[in-house]
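Next come the chains, spelled out residue by residue.
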Amino acid sequence: MKSLHRPVPAAARRAFRLSAIATAVLFAHCAAAADVSWTGAGGSSFWDVATNWDTGARPDAGQSVTIGAVPLVTFRTASGFTGATVDSIDSDAANFAMTGGTLTLSGPSSFAALTQSGGILSSTASISIGGGVWSNGSQRGAGITTVTSGSTFTLGTSGAATLYADGGRILRNEGTVNASSGNGNFTLDLNSAPGATALTGAATIENAGTFNFSPIINRTATISASNGGTSDNGLDAQFSNTGTFNKGGAGTVTFYVLFANSGTVDVTLDAVNPTFGSLAFMRNSIWSAGSSLEGTGNALFGGGVANTNVFQAGSSVTAGRVTAFQGTVTIESGAVFTPSLLEIAQGNVVVMPGSTFAPVQLEMNNSGSLDLRSNDITLPNGSLISSGLIKGSGTVTFEEAVLRGARFKGAGTALFAAGHTTQLGAGQGGSLDADGGRILRNEGTVVLDSGLTNWVADFNSTRDGAEAGSARLENAGLLDMKTYLNRTITFGASNNGGADNGSAARFDNTGTL
């Protein structure tokens, strides 16, 4: 009888041995990558102390870290230790305190409470936070850090604070964030992470909960984005608000990044120092349907001539004071714009047809402009035009206004209403410039008082760029002119050459001089 046993070929034996070795290596790797749990057996709160872990070694790459409900775990820079990379952290510690070093998380992680006063928290995954404080240091990487619903998180501290975010990080609030500069200034830079290699892409703040900013008098809070160069210039940084943003205190909060609002922004005057503090938008802002700007405080729009701020259909403005300092504020059809005071300084306000534009009070000064696009608008009682340009093709009606250095352009009409008094000069001299076929019509009372200086009207002015056609004044009411010894009141029209020589300028009187 033949034996059933056959010798195993040498090649097969070699393959089996290699397979066994590979399997052993795999099991060894899995064992090394097993979960690591905090015990605190090392007698301290420090992450870098190996005996504080159940493996007797610090957590390493690929390992998932579990921390139970202990009082404190501290991640720091220590002798021979500058940071760690792990797969994830699930921490129920009452305080996970990060004071230095670099902590890199490869997978989703969660912290019952996180206190970051230094160091770099880096992750391309999600991090959820149940509360805590971020007073210094940076967060970076293309993941998302979320303050969970029902949680309270603090940005800043009792003194000056500078925070950094970079690399496309999203900082999302679904709970309550209280930001404070304390006795110092507060800065959050959304395109920088000092001490680490720069990452392309700026960070974003998403507020879906409640975000409170209350800097004290003479202190500032700034949200900005550093310019890291052509491909990393910080222009993609933004603050997106779908929840409620509250600005209080007597200090100033300034956004140097895009502000996109579809929620509520409330600006409240400080009870002790009501004349101090504002909420300033120094880059572009977008106010979409359902958004609101309200409260008793001051919202300022600035940032240079390229800055655009758009209030879209369905948005509303009822704030105490809105200042168009620089750039352009556009009020689109369907938007409601009724602040207690609108101040136009060096900025431009564009009012589109179909919008509701009814500020309770208007002040214009410096080189700003009010552009009325085919709208017929009645300006509020007490409007003060110290300097500035009003243009457009609609009719703008003045009631109880003071015009010291007004300029008009475009084929519309400036109507001084019956039953009301408009003051020109108001005893301080000044001028009135008009062009482009503008009609200035008085149906009420206009008091022109030059004071101790001269007063000049130019009905073909090129001060804001020449337009074809001269202006004319139609007096159907009372024009009361007052001047003093050696002082003059002059009505004229500049000769700009060709067909725009000013010959069509007129003064038509059917009323009383």
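Residues numbered from 1 in each chain as written. Predicted model: local features only at pLDDT ≥ 70, side-chain atom pairs only at ≥ 80, totals over all residues. Heavy atoms only, no water.

## Comments concerning the overall build of the protein
On a plain count of helices and strands, the protein comes out with 1 helix and 55 strands. Relative to the globule expectation of 24 Å for 513 residues, the C-alpha radius of gyration of the protein, 33 Å, shows a markedly less compact shape. Principal-axis analysis of the C-alpha atoms gives the protein an extent of 135 × 60 × 35 Å. The buried share of the protein, reckoned over its 513 residues, is 47%. For the protein, restricting intrachain contacts to residue pairs at least 6 apart in sequence, the fraction spanning at least 24 positions comes to 51%. Taken as a whole, the protein presents about 21,200 Å² of accessible surface, with 53% of it coming from carbon and sulfur. Distance from the positive charge centre (26 side chains) to the negative charge centre (34 side chains) of the protein: 12 Å. (Helix = DSSP H or I, 4+ residues; strand = E, 2+ residues; numbered from the N terminus. Rg over C-alpha atoms; globule rule 2.2 N^0.38 Å. Buried < 20%, exposed > 50% of the residue type's maximum accessible area, 1.4 Å probe, protein only. Contact = heavy atoms within 4.5 Å. Areas by Shrake-Rupley, 256 points an atom, 1.4 Å probe, with all protein chains shown as cover. Lys, Arg positive; Asp, Glu negative; His and termini not counted. Charge placed at Lys NZ, Arg CZ, Asp CG, Glu CD.)

## A closer look at unusual backbone geometry
Even without a glycine there, the phi angle at Asn366 is positive, about 65°. Among the structural elements, Asn366 can be located in the loop between strand 38 (362-364) and strand 39 (369-372). Of note, Glu400 is a non-glycine position whose phi angle comes to about 55°, a positive value. Along the chain, Glu400 falls in the loop between strand 43 (395-398) and strand 44 (402-403). Its relative accessible area of 34% is what places Glu400 among the partly exposed residues.

## Examining the sheet that holds strand 43
Pairing between sheet strands relies on hydrogen bonds along the backbone, with the strands arranged either parallel or antiparallel. The strand order across the open sheet formed by 6 strands is 40-43-46-49-52-55, and the pairing between neighbours is parallel. Looking at which strands have only one partner, the edges of the open sheet turn out to be strand 40 (377-378) and strand 55 (506-509). Taken together, the 4 bridges between strand 46 (residues 413-416) and strand 49 (residues 439-442) define a ladder with parallel strand orientation. Directly across from Phe416, in strand 49, lies its bridge partner Asn442. (Pairing = 2+ DSSP bridges.)

## With respect to the pattern of salt bridges
All told, the structure shown has 12 salt bridges when counted by the stated rule. Here Asp464 ties to Arg407 by a salt bridge, and the two come within 2.7 Å at their closest N and O atoms. Note that Asp464 is positioned in the loop between strand 51 (455-458) and strand 52 (472-475) and Arg407 in strand 45 (residues 406-409), a separation of 57 residues in sequence. On the basis of relative accessibility, which here comes to 5%, the residue Arg407 falls in the buried class. Of the charged contacts, one joins Arg463 and Asp433 as a salt bridge, the two residues approaching to 3.6 Å between their closest N and O atoms. Residue Arg463 is found in the loop between strand 51 and strand 52, and its partner Asp433 is found in strand 48 (residues 430-435); the two are separated by 30 residues along the sequence. Since its relative accessible area comes to 48%, Arg463 is described here as partly exposed. The network of salt bridges with common partners includes Arg441, Glu443, Arg472 and Glu474. (Salt bridge = Lys/Arg side-chain N within 4 Å of Asp/Glu carboxyl O.)

## Quick notes on the pairing of strand 15 (residues 170-173)
Here strand 15 shows a clear split, with Leu171 and Asn173 buried on one side and none of Ile170 and Arg172 buried on the other. Where strand 12 (residues 144-147) lies against strand 15, 4 bridges are found, and the strand directions are parallel. By the bridge assignment, Ile144 is partnered in strand 15 with Ile170. Looking at chain direction, strand 15 and strand 18 (residues 204-207) are connected through 4 bridges and run parallel. Note on strand 18: the bridge partner recorded for Ile170 is Thr204.

## Notes on the pairing of strand 52
Bridge analysis of strand 49 against strand 52 gives 4 bridges, and the strand direction is parallel. If you follow Asn442 over to strand 52, its bridge partner there is Asn475.

## Quick word on the side chain of Thr254
Inspection of the secondary structure puts Thr254 in strand 23 (residues 252-255). Overall, Thr254 belongs to the buried group, its relative accessible area being 10%. Residues contacting Thr254, with those up to four places away along its chain left out, are Ala221, Thr222, Ile223, Ala280 and Met282.

## Observations regarding the environment of Ser387
Here Ser387 lies in the loop between strand 41 (384-385) and strand 42 (388-392). Relative accessible area serves as the criterion here: at 17%, Ser387 is assigned to the buried category. In this structure, Ser387 is in contact with Met364, Asn365, Asn366, Gly405, Arg407 and Arg463, ignoring residues within four places of it in sequence.

## Considerations on the nonpolar core
Ranked by size, the top nonpolar core spans 100 residues in total, and within it Trp47, Leu293, Leu370 and Phe398 carry the most contacts. The contact partners of Phe398, leaving out residues within four places of it in the chain, are Leu379, Ile385, Ile390, Leu403, Phe408, Ala414, Leu415, Phe416, Ala417 and Thr422. (Core = buried A, V, L, I, M, F, W, Y, C linked by side-chain atoms within 4.5 Å.)

## Brief notes about the side chain of Ser192
Along the chain, the position of Ser192 falls in the loop between strand 17 (186-189) and strand 18. For Ser192, a relative accessible area of 16% puts it in the buried group. Beyond its immediate chain neighbours, meaning those up to four positions away, Ser192 contacts Tyr164, Ala165, Asp166 and Ser226.

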